[in-house]
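Summary of structural features
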Amino acid sequence: MFDVPSDPTQDSVVNYSHLVADPQRCQFASDNYAGICPEAWQAMTEANAGPAPAYGNDVWTFKAADLLRELFEVKCEVFFAFNGTASNALALAAMCQSYHSIVCHERAHIETDECGAPEFFSNGTKLMLVSGDEGKVTPEAVSEVVTRRDDIHFPKPRVLSLTQATELGTVYSLDELRALNEVARRFELRIHMDGARFANALATLKLPPKEVTWKVGVDVLCFGGTKNGMAVGEAIIFFNRELAEQFAYRCKQAGQLASKMRYLSAPWVGMLQNKVWLKNAEHANRCAARLHEALSQVPGVKFVSQRQANSVFAQMDPAVLEGLREKGWKFYTFIGAGGARFMCSWSTTEADVDALAADVREIAGRLA
Ligand SMILES: *Cc1c(COP(=O)(O)O)cnc(C)c1O
């Protein structure tokens, strides 16, 4: 979120202090507060050793795409974009006509946090929202919404969009994905997966990536790199290769074709080698588990959802949250179903988690 500084024409010296995060302190607002992990940084340094062909015709980009094909054990088409919003919006546009609709959870990022980009890039495809506990779409809800109408006056459902891990920090199990695939096939819906935190989901599921993607009918996966430890970049992976036809033009038109593409793709090589992406996610998940455990000991703290990935959604006295903010902690309260969201990343430490938990305990105790 942008904090707009007060009118800069009024002051010769603008005060930015409210924008500066304390470098000594980890923050729990989001995993994109974290910096670049050493392996991604190292790969960028190596990619910077000299000139290279532009627009993705370089060794790094070819290698990153091949490593992704290796990871998913399948022939698939891979594209790299700057961010998740563009990846989701462009992928969805490739999966739909403008008279179609996309079924997603009411808390889905594509609905709540992309400023209408999916509708914009698909020229008006409608999002059809369903509710469901723990941020999850259920087969029953999908079935209900797509059978509500079948006449010419209603946009034809064409895509089921799932977020893995979900916006409430939960993870679809293999069985849940299979059931969703079944309902999707029954109604001829393609499956899009918003995997901004796909790595965190896999760290929890402990399954080969193919088992929870193309083998359960996922046509397109937007695999997040930014929140996993890269500077920028998401991989758009088409398991359904027909849908990738002419997709490069969509990326270019949307301003998502990086001319120095190697700086988007090299970090993927750094992250995919030696499973750094998985280690980062496992670490972030472990930190969240530690925080969940510590907060569950504090009287008055309740949880909005299960802790299954790298976040903890907690409800507590607003005065406690206020106290945390006064102590300089940053976290979001507008995401998900209320409460405070504490998000861990590759760079969170156990000491950070313990310091936050200690402050919650101290403030809650003082107010009790
Ligand atoms: C962060 C996030 C994205 C991507 O957001 P950008 O800011 O556009 O990179 C997409 N989906 C989910 C669920 C996210 O949390």
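All values derive from a computational prediction rather than experimental measurement.

Notes on the overall build of the chain
Helix and strand content of the chain: 13 helices and 10 strands. The globule rule puts the C-alpha radius of gyration for 368 residues at 21 Å, and the 21 Å found for the chain is close to it. When the backbone C-alpha atoms are referred to their principal axes, the chain occupies close to 60 × 55 × 50 Å. Considering only residue pairs separated by 6 or more positions, the chain has 77% of its internal contacts joining residues 24 or more positions apart. Accessible area for the chain stands at about 17,300 Å²; split by element, carbon and sulfur atoms hold 51% of it. Each charge sign in the chain was given a centre, from 37 positive and 44 negative side chains, and these centres are 4 Å apart.

A closer look at the packing of aromatic side chains
Inspection of the entire model under this criterion finds 13 aromatic pairs. Each ring, one from Phe 331 and one from Phe 342, has its centre 5.1 Å from the other, and the planes form 45 degrees; the classification is tilted. Here Phe 331, found in the loop between α12 (318-326) and β10 (340-343), pairs with Phe 342, found in strand β10; they are 11 residues apart in sequence, far enough to count as distant. A single burial state applies to Phe 331 and to Phe 342, both of which are buried. Aromatic ring contacts, followed pair by pair, group Phe 72, Phe 80, Phe 198, Phe 223, Phe 239, Trp 268 and Trp 277 into a single cluster.

Regarding the domain arrangement of the chain
Many structure descriptions define interface size as the accessible area lost when the parts assemble. Partitioning the chain into domains gives domain 1 (17-36 + 276-367) and domain 2 (38-274). Spacing between the C-alpha centres of domain 1 and domain 2 amounts to 27 Å. Facing 30 residues of domain 1, the contacting portion of domain 2 comprises 32 residues. For the pair domain 1 and domain 2, the two sides together bury roughly 2,500 Å², of which 57% comes from carbon and sulfur. Three residues, Ile 36, Val 276 and Trp 277, lead the burial of domain 1 against domain 2; their summed loss comes to 35% of the area buried on that side. The tally of links between domain 1 and domain 2 comes to one salt bridge. For Asp 31, the salt bridge identified is with Arg 197, shortest N-O distance 2.7 Å. Remark: the boundary between domain 1 and domain 2 carries 15 residue pairs in polar contact (both at pLDDT 80 or more).

Points about the nonpolar core
Among the nonpolar cores identified, the biggest contains 66 residues, and Leu 68 and Phe 223 are the most heavily contacted of them. Residues from two domains meet in this core; each of domain 1 (17-36 + 276-367) and domain 2 (38-274) gives at least three. With near-sequence residues (within four places) excluded, Phe 223 lies in contact with Leu 68, Leu 71, Phe 72, Gly 195, Phe 198, Ala 199, Glu 234, Ala 235, Ile 237, Trp 268 and Trp 277. Residues Phe 28, Ala 288, Trp 329 and Ala 357 belong to the second largest nonpolar core, which totals 26 residues.

A closer look at the sheet that holds strand β8 (residues 302-303)
In spatial order, the strands read β8-β9-β10; together these three strands make up an open sheet with antiparallel pairing. On the outer flanks of this sheet lie β8 and β10, each paired with one strand and no other. As paired strands, strand β9 (residues 311-315) and β10 are joined by four bridges and run antiparallel to one another. By the bridge assignment for β10, Ala 314 is matched with Ala 340. Running at roughly 20 degrees to β9, helix α11 (residues 276-295) makes contact with β8, β9 and β10 of the sheet.

Here we look at the site of the ligand
Contacts to the ligand come from Asn 83, Gly 84, Thr 85, Asn 88, His 109, Glu 114, Thr 163, Glu 167, Asp 194, Ala 196, Arg 197 and Lys 227. Between the ligand and the protein, one listed contact pairs an oxygen atom with a backbone N or O atom of Gly 84 at 2.9 Å. A distance of 3.1 Å separates an oxygen atom of the ligand from a polar side-chain atom of Arg 197. When the ligand sits alone it has 380 Å² of accessible area, and the protein chains cover 81% of it. Looking at the shell around the ligand residue by residue, the class counts come to one nonpolar, six polar and five charged.

Let's talk about the state of the cysteines
Inspection of every chain in the model, using the stated rule, returns zero disulfides. Lacking any disulfide linkage, Cys 37 is separated from the closest cysteine sulfur, that of Cys 287, by 14 Å.

Conventions used here
Residues numbered from 1 in each chain as written. Predicted model: local features only at pLDDT ≥ 70, side-chain atom pairs only at ≥ 80, totals over all residues. Heavy atoms only, no water. Helix = DSSP H or I, 4+ residues; strand = E, 2+ residues; numbered from the N terminus. Rg over C-alpha atoms; globule rule 2.2 N^0.38 Å. Contact = heavy atoms within 4.5 Å. Areas by Shrake-Rupley, 256 points an atom, 1.4 Å probe, with all protein chains shown as cover. Lys, Arg positive; Asp, Glu negative; His and termini not counted. Charge placed at Lys NZ, Arg CZ, Asp CG, Glu CD. Phe/Tyr/Trp six-rings, centres within 6.5 Å; stacked < 30°, edge-to-face > 60°. Buried < 20%, exposed > 50% of the residue type's maximum accessible area, 1.4 Å probe, protein only. Domains from an automatic or database assignment. Buried area = accessible area lost by both parts, 1.4 Å probe. Salt bridge = Lys/Arg side-chain N within 4 Å of Asp/Glu carboxyl O. Polar contact = N/O pair within 3.5 Å; in protein donor to acceptor, adjacent residues only side chain to side chain. Core = buried A, V, L, I, M, F, W, Y, C linked by side-chain atoms within 4.5 Å. Pairing = 2+ DSSP bridges. Axes fitted to C-alpha atoms, helices over the stretch in contact; angles between N-to-C directions. Near = heavy atom within 4 Å. Nonpolar A, V, L, I, M, F, W, Y, C, P; charged D, E, K, R; others polar. Disulfide = S-S within 2.5 Å.

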